[in-house]
Amino acid sequence: RKFYNPQRDSTDPNKPDLTKAWAYYEHVTLARRFVTDQTAENTFERAEPGETADTELFSWWKTPESALNEWGVGVGAYFSSVRIMSLILLVAGLISLPNVLYYRSEAYNGPGGQSNLGFLLQGTTICTNREWVECQEGCERSSYRIGSSQDRWAEGLDGTTYVQRTLCVGAEMAQGMWNYGALLFMTMSVILLSWYQRKREIRFDEDKSTSTDYSIKICNPPPDAYDPDKWRDFFEQFSEKQVTVVTVAVNNEDLLFALVMRRIFRNKLRQLLPQGTDLDNAAEVSREVDAHIVLRESRERGCFEKLFACLVVPILRLPPFHMFHDAETLLSKIDHWTKKAKELQKNHYDVTNVFVTFETEEGQRSALAALRVGALDLARQNTSAMAPTALFQGRVLKVVVPAEPNAIRWQQMTISTARKYLQRLVTFVITLGLIGLSGFVINRARTLNSLFFSICVSTFNFIIPFVIKLLLLLERHSNEGSRQKSMYMKITLFRWSNSAILTKLITPFMNTLGDDRLDLIKSINGVLIAEMVVSPLLRLCDMMGLFRKHVMAPRAPTQELMNLNFTGMWSDSACILLCVLVDTSCVEFYV
């Protein structure tokens, strides 16, 4: 239909083709494995995107766990962790089975047991066996304000206060021991799982050598030590073989940022113009931009596209998105950042870090051993604590093992400690504000409908990783590991508070064991079910991916832009595993 694909009837021979975009999705975006006549059933070697040899898609059902390492050790560790966690939770459930049978029996809840409750609530500590008694003190009306507790408070004509008292037998030694047994088993199992995954990661790292195994990082070089030859000559004394690479990093983050932004906008302009346009030829670019504007203005736009351009596009044009810019806007931004980069090139920059890569691992280890120094001597620059040959220009060096090259954030290498912690404090306060906002919303949702309350909790838990990623734009991190740690701590704090703490705080004590929709156990039951259903469904549906494939792609002006809408969804297996562990700890909290 033309509404779905406005370019369907276009006579332009260069118009983008949706068929090619879907082929790009199947052969480039989706993972494929090599297939031969002899090993069609046993080959799980992942093919490179766009491989021309005989390949087929990985089967979602038949692919063994061992083949998942083709995506990296993190993906394999994630799926093995999920499998092991499933077994741990199954065993923990079997350990708790005696308590489940006890709480659903007449021994706990009186005649009939919990037969009047829903199946998923049977076996919990909900108590419906009560009697009216006179209350002498501590029975204020405010303590019985929501849920089933409203019906468990009454006042006689003579002013006497009556409340319903539970007749259920409280937890005794047997129930406590079963609970502690399940909790201890889960805690020890998670600790052992973490130990196993660390060992597996170390084994993988030892089997696969990277540049980090041969490199060191100098964190406090002299500000004017620009010459890599001097660094090479100094460190070759610690190695029998030569120093291979020396990288001198300076505090030119502003210049790097300008160059990156210029490249981003050049790439976006290249995608809009005809293939083969020379972006360094100002006259040709100007001519093609004018032709693009004429073609854009002559193209008929549908109602949905006009509405999208009015409501959504202005937001997506803002940082950090920088999407949907017009060709003339991109041209002006390229000119702006080009001038900015030329101005910044004139500035003087100091050396902040030096990376030295040796020919052998022994060279790295020898340098680390020879330059090892105590923190106090390093802070005081106590040259007497080091051998004279270990001093670089009379300076005690701080030498560490660097992060992987692809984990270093070159635009954020230099930042003062005070500014770093101030930024983290600001983002932490904002995270607390998000928790407070979530608490307000789910409290209001809970008074409306228990299902709506559960969906709100699960939806907040689903979108918080994306919100935290935007929030981290306010922080500066020298490497990706530091950024990931900050992100995961905030996600853990939010999800733990949202799933466990907030529900407990907004529930009065008198509503702990009731069976009303506003009572604690029924609310938590709904939250856990929503976490098992809503969050996986939201990930599976991939709403943004569907929107890009079926709305943005058919309206893309070039084949390259159309293909880019078929690049798949972002997924962070470590973040998903973290969410699983947080949900597990939430279960432990209410055990």
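Residues numbered from 1 in each chain as written. Predicted model: local features only at pLDDT ≥ 70, side-chain atom pairs only at ≥ 80, totals over all residues. Heavy atoms only, no water.

Participant: Even after reading the chapter, I still don't get the packing of aromatic side chains, so can you show me in this structure?
Facilitator: Both the distance between ring centres and the angle between the ring planes are used here to describe each pair of aromatic rings. Using the criterion set out here, one finds 19 aromatic pairs in the structure. Judged by centre distance (6.3 Å) and plane angle (80°), the ring pair of phenylalanine 235 and phenylalanine 358 falls under edge-to-face. With phenylalanine 235 in helix 6 (residues 228-235) and phenylalanine 358 in strand 8 (residues 351-358), this pair connects stretches of sequence that are 123 residues apart. A relative accessible area of 2% means that phenylalanine 358 is categorised as buried. Their ring planes at 40° and their centres at 5.6 Å tell us that phenylalanine 308 and phenylalanine 547 sit as a pair that is tilted. Highlighted residues: phenylalanine 308 in helix 9 (residues 303-311) and phenylalanine 547 in helix 18 (residues 543-552), separated in sequence by 239 residues. Given the relative accessible area of 15%, phenylalanine 308 is considered buried. (Phe/Tyr/Trp six-rings, centres within 6.5 Å; stacked < 30°, edge-to-face > 60°. Helix = DSSP H or I, 4+ residues; strand = E, 2+ residues; numbered from the N terminus. Buried < 20%, exposed > 50% of the residue type's maximum accessible area, 1.4 Å probe, protein only.)

Participant: Any chance you could explain the packing of helix 7 (residues 253-272) against helix 11 (residues 327-344) here in plain terms?
Facilitator: Angle between the axes and distance between the axes are the two parameters that describe a pair of packed helices. Interaxial distance between helix 7 and helix 11 falls to 9 Å at its minimum, and their mutual angle equals 155°. One finds that helix 7 runs roughly antiparallel with respect to helix 11. Our pair here, helix 7 against helix 11, has a crossing hand that is left-handed. In this structure, helix 7 contributes Asp254, Leu255, Phe257, Ala258, Leu259, Met261, Arg262, Phe265, Arg266, Lys268, Leu269 and Leu272 to the contact, and helix 11 contributes Ala327, Leu330, Leu331, Lys333, Ile334, Trp337, Thr338, Lys340, Ala341 and Leu344. In the contact of helix 7 with helix 11, the residues fall into 15 nonpolar, 1 polar and 6 charged. (Axes fitted to C-alpha atoms, helices over the stretch in contact; angles between N-to-C directions. Parallel < 35°, antiparallel > 145°, perpendicular 65-115°, else oblique. Left-handed = near helix turned anticlockwise from the far one by under 90°. Contact = heavy atoms within 4.5 Å. Nonpolar A, V, L, I, M, F, W, Y, C, P; charged D, E, K, R; others polar.)

Participant: Explain the pattern of salt bridges to me, please; I cannot follow it from the model alone.
Facilitator: Working definition: two side chains of opposite charge can pair if their charged atoms are close together. A full pass over the atoms with the stated rule returns 16 salt bridges. A salt bridge links aspartate 280 to arginine 266; its shortest N-O distance comes to 3.4 Å. Linking aspartate 280 in the loop between helix 7 and helix 8 (282-298) with arginine 266 in helix 7, this pair joins segments that are 14 residues apart in sequence. The exposure class of arginine 266 is buried, given its relative accessible area of 18%. Of the charged contacts in the structure, one is a salt bridge between glutamate 361 and arginine 365, with a shortest N-O distance of 3.0 Å. On the criterion of helical spacing, the pair formed by glutamate 361 and arginine 365 is a turn pair, its members being 4 residues apart in helix 12 (residues 361-370). Three or more residues are tied together by salt bridges with common partners; here these are Arg296, Glu297, Arg317, Asp326 and Glu328. (Salt bridge = Lys/Arg side-chain N within 4 Å of Asp/Glu carboxyl O.)

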